[in-house]
Each structure stands twice: as structure tokens, then as C-alpha cells.
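Structure at a glance
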Amino acid sequence: MPAILFLLSACTGEEKSTASFEAMDTEMILTVYGDGSACEKLKNKVIELDRILDVTDTESEIYRLNDSGSAELSEASADILQKALELCAQLDGAFDITVYPAVTAWGFTTGEYRVPDEDELKSLAERIDHKNVGLSGNTAALSADAQIDLGAVAKGFAADELLGILKDGKAAAAVLNLGGTVALYGKKPDGSRFKVGIADPEDPAGYFGYLERDSGVIATSGGYERFFEKGGKRYIHILDPKTAEPVDNGVLSVTVICDNGSRADALSTALFVMGLDKAEEYYRAHPDFDFIILTDKNELFITKGVYDGFTLAEGYDLSVHTVQ
Ligand code: AMP
Ligand code: MG
């Protein structure tokens, strides 16, 4: 189920084509105006990326790297790994692709959920450090028992690749809904802006508000996407790299709007880990993006760049704050 729904008003005059399919563990819906052949090309690119990045697929390059500790990667995978490592360095402490052993220990990869004890958590946390991933040319090597998971940025990378293909093509406009990460391209034939709904964590098929935008990538991270409950407590799939434990800081969802898809995707995960105060601090120091953060106190925090383009959906009683 896509975490972000998109709404399009009726368009006239331009040929519209769509493709819906399952990839990257989610449902994707691509809509392209003005180029009937583009959808198929974009879909094939997503499937190709999924094949190299899917950590659970025994045929994928990332699986091979995790399994043997070193691997000769394709140009495309090496490039993505390099960029993912740069994001880890920029978001040190909040975003770390070496969380994979912890993601597995909690059962998020298999659905066989469990709560590791304190000793296990301590040793899992010690294994999380992106500096244990080496990349020299296309050769990747993992040290100190590290294993990587690109799940937090795969859709963002896909968004960047697809926007690149569109820029080289002849489509007039496109809305690419990559299950929680939406990329916008071009101008809609009727001149209106795109409307992107932001999923309601309580009922992810609905949305608590929508954003009107011309362009950019909109990525949302939320605990509702994958979680389990035990002893009355909810454990979500976003982990704090410092403790190897699911984040539990009052944040329900983080949406990031940024021209760069991989940065939007990494940031949505990282700001979730940071929590509201640190997320605001990070934004003030690096204002190349916007965010919308929903907390469990029914409060919504929206940065000034997207505040005017945001509309609360009917029936939602949230107190909305601007972040300057
Ligand atoms: P997202 O939905 O983009 O926030 O990505 C969440 C996914 O990324 C999880 O299902 C894990 O596979 C992985 N992950 C969880 N916590 C982190 C983290 N702190 N840094 C990087 N990846 C993470
Ligand atoms: Mg993410």
C-alpha cells in the first residue's frame, strides 16, 4: 500500500499512460503525460534497481556483499553505495546503512518478530558503523561483521534515476509514486500544480493533508509502514543506530521535500530518528529541504518553504506550527 497517495485532476489534451506494479516491497504507480513509451522504460529501470539493491534477494549484489564480506559491484551499485555512504557521513548517528544485522535480529526482514535482550542489543549496536564499509573503485568490503541495508534510500535513488530518464526524454509531465516516495516532473497539461497526499499513520490508506507542488521528491517515513506489538508496546522498523532499538520518540511520520530523491529518502529516515528538536536544528543548519513532521500529540510542524502549499484534509484536528 503506497504511503503517499497522489491525486490528479482531470487532464485534457495530453496522452496519459500509467503503470502499476509491485517492486521494492511496495506498490508503485507511475503516471506519465505526453510520452506513451516512457512508463515501460521507467518500470524496467525500477525493476533493474530492485534486483541489485534487494538485500533479501539471494541473487542481488547487496546480498552477495553481505554474504561474503566483499564483492565486485556493478558500476550502478558501486555508485549507489558511494552515495549512500556520503549520506551516512552527512547524517552521522541518525542514518546508517549498517543497521542491517539489527533489522534482521528484530525480525523486520522475515516477519518473525522478537525483542532482543540487552546483551544482544549492545553487541548489535557495536556492529553499526558505516565506517566499516570500504569502497575502492567498484570493490566493496565489509569489516567488523558489518552488513548493509539500502532499504531507507532505495526508493529515493530510484526517483533520481527515473527523473534523469524523463529529463532525457520527451514526456511533458509525470507523477511517480514509488510507495511512499513521490517524484514530480514537468508541468501538468492543464497548468495546475501536482497534489500529493500525506498518509495518515492511523489509517495509511487515507491522508491527513496534501501538498501542492510543481517539482521535487517527497519522501515519507512512518512507523506505520512496518511494526509489531508485544506486551502492549509497539516496535517500529526505523532503528536508532546508537542503540539498535526501534525509535520511540513521539514522532509518527516525517515527510521530506527535496530536489534530490536519495537525500529526501535518507533525510526522512534520519529526521525520524533525530526526533522533532534535533530535526529542527538540522534543518536550520542545512536548509536545502523542507519537512512536515507529525507527532503523537496531534501536532504538525511544517517548514516555511512548504507551509503555504499545504492543506489539512477535512476532519483532521491538528495544531499546525511553522518552522522558521
Ligand atoms: P524508510 O522507510 O525510508 O524510513 O526506511 C526504513 C528502512 O530502512 C527500514 O525498514 C530498515 O530496513 C532501514 N533502516 C531502519 N533504520 C535505519 C537507520 N537509522 N538508518 C538507515 N536505514 C535504516
Ligand atoms: Mg527513507
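Summarised in this report is the structure supplied together with it. These numbers come from a predicted model, not from an experiment. (Residues numbered from 1 in each chain as written. Chains lettered and ligands numbered in written order. Predicted model: local features only at pLDDT ≥ 70, side-chain atom pairs only at ≥ 80, totals over all residues. Heavy atoms only, no water.)

For the magnesium ion (ligand 2), the full set of protein donor atoms is Ala152 (O), Asp265 (O), Asp265 (OD) and Thr269 (OG1), at a range of 2.2 to 2.5 Å. Written as a sequence motif, the donor arrangement for the magnesium ion (ligand 2) is A-x112-D-x3-T. Separated by 117 residues along the polypeptide, Ala152 in the loop between strand 6 (139–142) and helix 6 (154–167) and Thr269 in helix 7 (residues 261–274) bring together distant segments of the chain. Residue classification places Ala152 among the partly exposed positions, given a relative accessible area of 23%. (Donors = N, O, S within 2.8 Å, 3.2 Å for Na, K, Ca; no water. Helix = DSSP H or I, 4+ residues; strand = E, 2+ residues; numbered from the N terminus. Buried < 20%, exposed > 50% of the residue type's maximum accessible area, 1.4 Å probe, protein only.)

As a further point, take helix 7. For helix 7, built from 14 residues, the straight-helix expectation of 20 Å at 1.5 Å per residue is met to within 8% by its first-to-last C-alpha distance of 20 Å. Most of helix 7 sits inside the fold, with 13 of its 14 residues counted as buried. Phi turns positive, to about 85°, at Gly275, one or two residues after helix 7. (Expected span 1.5 Å × (residues − 1).)

Packed helices, taken two at a time, are described by the angle their axes make and the gap between the axes. Between helix 7 and helix 8 (residues 276–285), whose axes approach to 7 Å, the crossing angle comes to 135°. Between helix 7 and helix 8, the crossing angle belongs to the class labelled oblique. Taking contact as the criterion, the partners of Arg263, Leu267, Leu271 and Met274 in helix 7 are, on helix 8, Leu276, Lys278, Ala279 and Tyr282. Looking at the contact of helix 7 with helix 8 residue by residue, the class counts come to 6 nonpolar, no polar and 2 charged. (Axes fitted to C-alpha atoms, helices over the stretch in contact; angles between N-to-C directions. Parallel < 35°, antiparallel > 145°, perpendicular 65-115°, else oblique. Contact = heavy atoms within 4.5 Å. Nonpolar A, V, L, I, M, F, W, Y, C, P; charged D, E, K, R; others polar.)

The next subject is the pattern of salt bridges. Applying the stated criterion across every chain yields a total of 13 salt bridges. A salt bridge links Asp214 to Lys187; the shortest N-O distance between them is 3.7 Å. Of this pair, Asp214 sits in the loop between strand 10 (203–213) and strand 11 (216–222) while Lys187 is found in the loop between strand 8 (181–186) and strand 9 (194–200), placing the two residues 27 residues apart along the sequence. Judged by its relative accessible area of 33%, Asp214 falls in the partly exposed class. Residue Asp296 pairs with Lys297 through a salt bridge whose shortest N-O separation is 3.9 Å. (Salt bridge = Lys/Arg side-chain N within 4 Å of Asp/Glu carboxyl O.)

Strand order in this open sheet of 3 strands is 4-6-5, and the pairing throughout is antiparallel. Of all the strands in the sheet, just strand 4 (70–72) and strand 5 (133–136) have a single pairing partner and so form its edges. Within the sheet, the average angular offset between the axes of one strand and its neighbour, ignoring direction, is 15°. The strands that helix 3 (residues 75–90) touches are strand 5 and strand 6; relative to strand 5, the one it contacts most, it runs at about 130°. (Pairing = 2+ DSSP bridges.)

A few words on the site of ligand 1. Near ligand 1 lie 18 residues; those nearest to it are Asp149, Ser221, His237, Leu239 and Thr269. For ligand 1, an oxygen atom lies 3.3 Å from a polar atom in the backbone of Ala152. Starting from 500 Å² of accessible surface for ligand 1 in isolation, the protein chains cover 96%. Because more than half of its atoms lie within 2 Å of the grid, ligand 1 is assigned to the largest pocket. Sorting elements by how many residues they give to the shell around ligand 1 places helix 7 first, with 3 residues. Partitioned by chemical class, the residues of the shell around ligand 1 number 9 nonpolar, 4 polar and 5 charged. (Near = heavy atom within 4 Å. Polar contact = N/O pair within 3.5 Å; in protein donor to acceptor, adjacent residues only side chain to side chain. Areas by Shrake-Rupley, 256 points an atom, 1.4 Å probe, with all protein chains shown as cover. 1 Å grid on protein atoms, 1.4 Å probe; cavity = no way out; pocket = protein on both sides within 12 Å on 5 of 7 lines; lining within 4 Å. Sits in = over half its atoms within 2 Å of the grid points.)

Looking now at the layout of surface pockets. Counted as a void, the largest pocket has a volume near 1100 Å³. Gly151, Ala152, Lys155, Arg226 and His237 are the residues nearest the centre of the largest pocket, which is lined by 44 residues in total. Counting residues per element, the ones that place at least two in the lining of the largest pocket are helix 1 (38–53), helix 4 (100–105), helix 6, strand 11 and helix 7. Among the elements that line the lining of the largest pocket, the one with the most residues is helix 7, at 3 residues. The residue inventory of the lining of the largest pocket, partitioned by class, reads 23 nonpolar, 12 polar and 9 charged. Considered as a void within the structure, the second largest pocket measures approximately 270 Å³ in volume. Lining the second largest pocket are 14 residues, and of these Gly223, Arg234, Ile236, Val251 and Leu252 lie nearest its centre. Counting residues per element, the ones that place at least two in the lining of the second largest pocket are strand 13 (233–236) and strand 16 (251–258). Of the residues contributing to the lining of the second largest pocket, the split by class is 7 nonpolar, 3 polar and 4 charged. (Points joined across faces, edges and corners; volume = space filled by probe spheres on them.)

This next bit is on the packing of aromatic side chains. Applying the stated criterion across every chain yields a total of 10 aromatic pairs. Aromatic side chains Trp106 and Phe228 sit 6.4 Å apart centroid to centroid with 45° between the ring planes, which places their arrangement in the tilted category. Of the two residues, Trp106 sits in the loop between helix 4 and helix 5 (118–127) while Phe228 sits in strand 12 (residues 227–230), which places them 122 residues apart along the sequence. Of the two residues, Trp106 and Phe228, both sit in the buried class. Arranged with centres 6.1 Å apart and planes meeting at 35°, the rings of Tyr282 and Phe289 form a pair that is tilted. Residue classification places Phe289 among the buried residues on the basis of a relative accessible area of 2%. The positively charged end of Lys233 is found above the aromatic ring belonging to Tyr235, 5.3 Å away from the centroid. (Phe/Tyr/Trp six-rings, centres within 6.5 Å; stacked < 30°, edge-to-face > 60°. Lys NZ or Arg CZ within 6 Å of the ring centre and 35° of its normal.)

Read these as geometric descriptors, not functional statements.
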